[in-house]
Amino acid sequence: MTNPQFTGGAIDLGALAERNDEAQAGFEPFITVTEANVEKGVFERSMQIPVVLLIGTPRSPDSESLKAQFEKLSAGQRAFMVGYVDADATPQVAQAMGVRVLPTVVALAGGRPVANFEGNQPADELEQWVGALVSQVGPQLKGLVDDNAPEQEDADPRLDRATEALNAGDFDAATAVYDEILAEDPTNADIKQAKATVAVLKRVNGQGEPEDDVEKLLWLADKEFVAGDPEAAFDRLLEHVKAEPRAKERLLELLTLLEPGDPRVIAARTRLASALF
């Protein structure tokens, strides 16, 4: 899978946030994107959950294959949404996304593109990519409102500050909010995970390729993990855990960002134990 690109974007996030509540109702996991619904149906929705944009054409077998796979993956869930852009029917939308190759897939979160790839992908790799997007980026967003869910306590209002900071690309400010919450509730696992995720995002977005060999190793692993390929990141680090303590530290950090029962985590921990002992 092509390494995704990470960028700041140029969406007016303040304006989107003000209209965010209007986008809560009528959720559809897969939509066809038009000029009429791109703002509310895509950019506003990405304030709540990750949105995967597939820009393709009916003339391309790869586009049609990806479309069918995404329709299947998105059906019956509310953790992410897929928007299909027909570049032939709505060329203005495709051009606005800066697409050069069809098909192209762009992941949006908080109104910003966070990752992309070009061309078709095997079903298992596509599923892993979407799973990583949901597990890593989803917790940083507001989430959908479930009208049938039982009433819950109001969320900590400080989380809104963290979200605003992340939308602005201010990772230090978001981390400060999480530290403030953890000072009062040190056992809050969700906030710990959110803080750790922000640390990885900051490293990936905050520097170019290092010259030092070990720093480059860690940087590449971060990029692979955030790009939705944690297995590649784990493989890279596992090759060096015995000789390089920082590789082990980075591996253990990245493992905490996935669920403990994730097969990829279990496999990596098993290999780590074998490598060390």
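Presented here is an overview of the structure given in this document. (Residues numbered from 1 in each chain as written. Predicted model: local features only at pLDDT ≥ 70, side-chain atom pairs only at ≥ 80, totals over all residues. Heavy atoms only, no water.)

**Some details on helix α3 (residues 61-74)**
Reasoning step 1: Taking 1.5 Å of rise per residue, the 14 residues of α3 would be expected to cover 20 Å, and the 20 Å separating its terminal C-alpha atoms lies within 8% of that figure.
Reasoning step 2: By the burial criterion, the buried members of α3 are S63, L66, Q69, F70 and S74. Looking straight down α3, one finds that the buried residues subtend no more than 130° of arc, so they occupy a single side. For α3, the exposed residues lying more than 90 degrees away from the buried face are P61 and K72.
Reasoning step 3: Against the buried residues of α3 lie β1 (30-32), β2 (51-56), β3 (81-86), β4 (104-109) and α5 (123-136).
Reasoning step 4: Where α3 ends, the next residue or the one after it, G76, has phi of about 70°, a positive value. (Helix = DSSP H or I, 4+ residues; strand = E, 2+ residues; numbered from the N terminus. Expected span 1.5 Å × (residues − 1). Buried < 20%, exposed > 50% of the residue type's maximum accessible area, 1.4 Å probe, protein only. Arc of directions from axis to C-beta. Contact = heavy atoms within 4.5 Å.)

**Observations regarding the pattern of salt bridges**
Reasoning step 1: For the structure shown, the criterion picks out 16 salt bridges.
Reasoning step 2: The partner of K202 in a salt bridge is D172, and the shortest N-O contact between them spans 2.4 Å. Of this pair, K202 sits in helix α8 (residues 189-206) while D172 sits in helix α7 (residues 171-184), placing them 30 residues apart in sequence.
Reasoning step 3: Owing to a relative accessible area of 38%, K202 belongs among the partly exposed residues under this scheme.
Reasoning step 4: E215 serves as the salt-bridge partner of R246, at 2.8 Å between the closest nitrogen and oxygen. (Salt bridge = Lys/Arg side-chain N within 4 Å of Asp/Glu carboxyl O.)

**Points about helix α12 (residues 263-276)**
Three or four residues apart is the spacing at which side chains of an α-helix point the same way, because the helix has 3.6 residues per turn.
Reasoning step 1: If you check α12, its first and last C-alpha atoms are 20 Å apart, about what 14 residues at 1.5 Å a residue would give, namely 20 Å.
Reasoning step 2: Looking at α12, one finds that the buried residues are R264, V265, A268 and L272. One side of α12 holds all its buried residues, which, seen down the axis, span an arc of 95°. Of the exposed residues in α12, the ones pointing more than 90 degrees away from its buried face are P263 and S274.
Reasoning step 3: Structurally, α12 contributes buried residues whose contacts are with α5, α10 (230-238) and α11 (245-255).

Don't take any of this as a statement about function, it's just geometry.
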